Amino acid sequence: MNSGVKWLLILFALVSIILNIILIGIYSNRAPKCSAQRLHPLRGKHEERSLMFADLTQEEYAQVQRYMLQQKDLDISTNRITEPRANFLFLIDLSLPKKADALAYLDGKGAQPVREATVVVFHGARGFIKEYLVWPLPNPKHHRDVTTERYKRELPINARTVTVGEYVLLFQFFEKNLFSKLKKLMKESFDVGQGKTLNALEQMPRGLRSGDRKTWINFLKDVSGMYVNPVGLNVLINHESVNASNWKVERLFYNGQYFDSVEELKRKYDAGTIKKIIYKDSPNHASLKTRTKPLQIGPQLFYAEGKRFSVSHNHVLYLDWSFAFGLSSLTGMRVFDVRFSGERIAYELSVQEAISVYGSVTPGMILTKFVDSSIGIGRFAHELVRGVDCPSEATYVDTYRYIDVPVPVRFRNSICVFEHNMGQPLRRHFSDFSHHSFGGMVNSALVMRTITAIGNYDYMWDFVFYQNGAVEVKVHATGYVSSSYLVDGSLRYGHQVAENVQGNIHTHFINFKVDLDISGKWQNAGEAQDESLLLKVICVKSTHH
Ligand SMILES: *[C@@H]1O[C@H](CO)[C@@H](O)[C@H](O)[C@H]1NC(C)=O
Ligand SMILES: [Cu+2]
């Protein structure tokens, strides 16, 4: 090759490299970049009036608590471990405005509804539960007993849920009346003693007649994942009295055999006339630690041009959507004034109830029906883990609650909001026979999520807003299955999930409230002419644990 051609080739290569660098430079500037800033303005404006649906602020809870403590005649305690026989301020929650008042205000036809709180007091000293309305917030001046107005009867003290104060006494009761009386059995069967103890899961309901307060306790190993570590001891405790000195053990179930008293179990155990459980150390099959390392990082969500939604206080804007939201300590997540293209299509969508009904041959589980709102659903909405519970880039919202606590509590990042691709087109068509053409639409949707870990189950609650005006409400169940110690006959009521452990057969029931206001309130629905909105109202999914 002569040197002229050689130099020409080198020059060509150099020019081509420089040109490539310039072109890459130009085009990479044009390529979409992850932008923290929103590139395009939002379509709507945040609605200040939505604040009437907002949960109480930390300051409002404190104001209501202070006001209640000032009512000396009520003689209320806010101590965390108030005993059942005292009067305990159990709950403070927003009292929702009446729909007619709220709509009038939203539509500019009425005044702002007075902001009110519901306060629940367990009057252990007086033998009843009271629900009070306290108003006006943020500086309460009045309260009124609304118990019979709301429930059409008085509520006996035994109808209350178990508080921290009562749990403390229950665990003391186990120690004093069970563990210390059955030392030999507890050591040989469960390795209890020398600082080791058992944990407990209560079964519900606490009896079959109104007024009963007798709870079957399923004892569990005190390890992570205790829900699938039952040890083989169930005990029925009568804790009807607000005076814990009157509590008693009514029945016991040990390794498949029933006993009427602790003494009977002890006597027969010591005499060796019953089938014993011999403790055996084994690795915890229920640990939450991951067992394998991920191969590499999974796909990630990012917003190339910033977020197309915005959360301000308790109001969300997303493309054509807007809505207000809140989280009730008792019932859970809820949205109000749901609008699409400026038109209200739902006044309220809310979680109301989660029930699970069990089958078993073991006594507690035979009758177990967990009615979760009786304990509280929203109160168990804890911090969401970035990248696991919701995408890392989601918007996270704190919630504040006052339930069975001495002071209002902040739950950091307990609601998340994100838009993501649902993994299928929202619509598409390829015209094959004539006019070869294609039209499709990316299915991005907005998800608002909380996860409530109510004992063994974690319910993942999603409200999903689609671009076509559909709103979906769904729930997935995960966490641990409720279990019992494997005894003769168990396997008719579930599957074995570990050595001596049965996962009990059960059904989940979930209730939502759906108050649609398409083309006006429901009273006017008959006059509605144009129901052009497609509403996939409800879709309940419960995958398994
Ligand atoms: C609680 O019950 C015990 C046993 O019945 C009784 O001795 C005690 O006086 C009671 N305490 C109160 C405060 O009533
Ligand atoms: Cu389940």
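Criteria and cut-off values
- Just so you know, the residues in each chain are numbered from 1, in the order the chain's sequence is written.
- Lettering of chains starts at A and numbering of ligands starts at 1, both following the order in which they are written.
- Only residues with pLDDT of at least 70 get local features here, since the model is predicted, and only at 80 or more are side-chain atom pairs given and counted; chain-wide, interface and lining totals rely on the full set of residues.
- Processing note: side-chain calculations cover all non-hydrogen atoms of the structure and skip hydrogens and water entirely.
- UniProt positions are given in the numbering used here, feature names are shortened, and annotations may be inferred rather than shown by experiment.
- Salt bridge, as used here, is a side-chain nitrogen of Lys or Arg placed within 4 Å of a carboxyl oxygen of Asp or Glu.
- For each residue, the accessible area found with a 1.4 Å probe, counting protein chains only, is set against the maximum for its type, and the residue is called buried under 20%, exposed over 50%, and partly exposed in between.
- Strands here mean DSSP runs of E at least two residues long; helices mean DSSP runs of H or I at least four residues long; both are numbered from the N terminus.
- By convention in this document, the label disulfide applies to cysteine sulfur atom pairs within 2.5 Å.
- When checking whether two residues touch, look at their non-hydrogen atoms; a contact exists if any pair is within 4.5 Å.
- Strands were regarded as paired on the criterion that DSSP finds at least two bridges between them.
- To obtain each axis, a line is fitted to C-alpha atoms, and for helices this fit is confined to the stretch in contact; angles are then taken between N-to-C directions over 0 to 180 degrees.
- Stacked, tilted and edge-to-face are the three classes applied to pairs of Phe, Tyr and Trp rings, where Trp contributes its six-membered ring and a pair requires centres within 6.5 Å; stacked means planes under 30 degrees apart, edge-to-face means over 60, and tilted covers the rest.
- Each C-beta atom gives one direction from the helix axis, and the arc is the one those directions make.
- Neighbouring residues are identified by heavy atoms, a residue being near a molecule or strand if any of them is within 4 Å of it.
- In protein, a polar contact means a hydrogen-donor-capable atom and an acceptor-capable atom, both N or O and within 3.5 Å, with residues adjacent in sequence counting only if both atoms are side-chain atoms; elsewhere, any N or O pair within 3.5 Å suffices.
- To be clear on the numbers: accessible area is Shrake-Rupley with a 1.4 Å probe, and residue cover counts the displayed protein chains and nothing else.
- Residues are grouped as follows: Ala, Val, Leu, Ile, Met, Phe, Trp, Tyr, Cys and Pro are nonpolar; Asp, Glu, Lys and Arg are charged; every other residue, Gly included, is polar.

- Per an unreviewed UniProt entry, the protein carries the name Amine oxidase and comes from Solea senegalensis.
- The UniProt entry for the protein carries the following comment under Sequence similarities (unreviewed entry): "Belongs to the copper/topaquinone oxidase family."

**A closer look at the pattern of salt bridges**
Inference 1: Applying the stated rule across the entire model yields 33 salt bridges.
Inference 2: Put simply, R209 and D212 hold a salt bridge, and the shortest N to O gap is 3.0 Å.
Inference 3: Exposure remark for R209: the relative accessible area of 58% places this residue in the exposed category.
Inference 4: On the basis of relative accessibility, which here comes to 13%, the residue D212 falls in the buried class.
Inference 5: With a shortest N-O distance of 3.1 Å, R412 and E383 are connected by a salt bridge. Residue R412 is located in strand β18 (residues 409-421), and its partner E383 is located in the loop between β16 (369-371) and β17 (395-403); the two are separated by 29 residues in the primary sequence.
Inference 6: Assessed through its relative accessible area of 43%, R412 is described here as partly exposed.
Inference 7: By relative accessible area, E383 is classed as partly exposed at 41%.
Inference 8: Each member of the salt-bridge network shares a partner with another, and the members are E47, R49, D107, D337, R339 and R344.

**What to know about the state of the cysteines**
Inference 1: Taken as a whole and judged by the stated rule, the model has 1 disulfide.
Inference 2: In this model, C390 is linked to C416 through a disulfide, with the two sulfur atoms separated by 2.1 Å. For the disulfide bridge between C390 and C416, the dihedral angle about the S-S bond is near -85°, and by the sign convention the bridge is left-handed. You can see C390 sitting in the loop between β16 and β17 and its partner C416 sitting in strand β18, a full 26 residues away along the chain. The exposure classification of C390 matches that of C416, with both residues buried.

**Digging into the environment of I129**
Inference 1: By the secondary structure assignment, I129 is in strand β3 (residues 128-135).
Inference 2: Relative accessible area serves as the criterion here: at 7%, I129 is assigned to the buried category.
Inference 3: For the pair I129 and G520, spaced 391 residues apart in sequence, the C-alpha separation works out to 38 Å.
Inference 4: Setting aside residues up to four positions removed in sequence, I129 forms contacts with V120, V121, F122, T147, L155, P156, I157, A159 and R160.

**Quick word on the sheet that holds strand β7 (residues 214-221)**
Inference 1: Read from one edge to the other, the open sheet built from 5 strands follows the order β6-β7-β8-β9-β10, with strand pairing classed as antiparallel. Because the sheet does not close on itself, it has two edges, and the strands there are β6 (198-202) and β10 (257-259). Each neighbouring strand pair of the sheet contributes to a mean axis angle of 25°, computed without reference to strand direction.
Inference 2: Here strand β9 (residues 248-254) pairs with β10 via 3 bridges, running antiparallel.

**Description of the UniProt feature "domain: Copper amine oxidase N2-terminal" (unreviewed entry) in the protein**
Inference 1: Feature annotation in UniProt places "domain: Copper amine oxidase N2-terminal" (unreviewed entry) on residues 69-126, given in this structure's numbering.
Inference 2: Secondary structure across residues 69-126 comprises 17% helix and 29% strand; the distance between its end C-alpha atoms is 17 Å.

**Concerning the packing of aromatic side chains**
Inference 1: Under the criterion given, the structure shown has 21 aromatic pairs.
Inference 2: Between F53 and Y347, the ring centres sit 6.0 Å apart and the planes meet at 75°, which makes this aromatic pair edge-to-face. Here the residue F53 occupies a position in the loop between α1 (3-30) and α2 (58-70), and Y347 occupies one in strand β15 (residues 343-358), the gap between them amounting to 294 residues.
Inference 3: The class of Y347 is buried, set by a relative accessible area of 3%.
Inference 4: A centroid spacing of 6.0 Å and a plane angle of 85° characterise the contact between W461 and F512, whose relative ring orientation is edge-to-face. Of this pair, W461 sits in strand β22 (residues 457-466) while F512 sits in strand β27 (residues 506-516), and the two are 51 residues apart along the sequence.
Inference 5: Accessibility expressed as a relative area gives 1% for W461, which makes it buried.

**Regarding helix α6 (residues 183-190)**
Inference 1: Those residues of α6 lying buried are L185, M186, S189 and F190. Looking down the long axis of α6, one finds its buried residues gathered within 100° of arc, a one-sided arrangement.
Inference 2: For α6, the secondary structure elements touched by its buried residues are α5 (164-179), β6, β8 (230-238), β9 and α7 (262-271).
Inference 3: Positive phi appears at D191, one or two residues downstream of α6, with a value of about 55°.

**Observations concerning the site of ligand 1**
Inference 1: Contacts to ligand 1 come from R85, N243, S245 and N246.
Inference 2: Between ligand 1 and N243 there is a distance of 2.2 Å, counted from an oxygen atom to a side-chain nitrogen or oxygen.
Inference 3: A distance of 2.7 Å separates an oxygen atom of ligand 1 from a polar side-chain atom of N246.
Inference 4: Within the complex, the protein chains bury 32% of what would otherwise be the 360 Å² of accessible surface of ligand 1.
Inference 5: Its residues assigned to classes, the shell around ligand 1 comprises no nonpolar, 3 polar and 1 charged.

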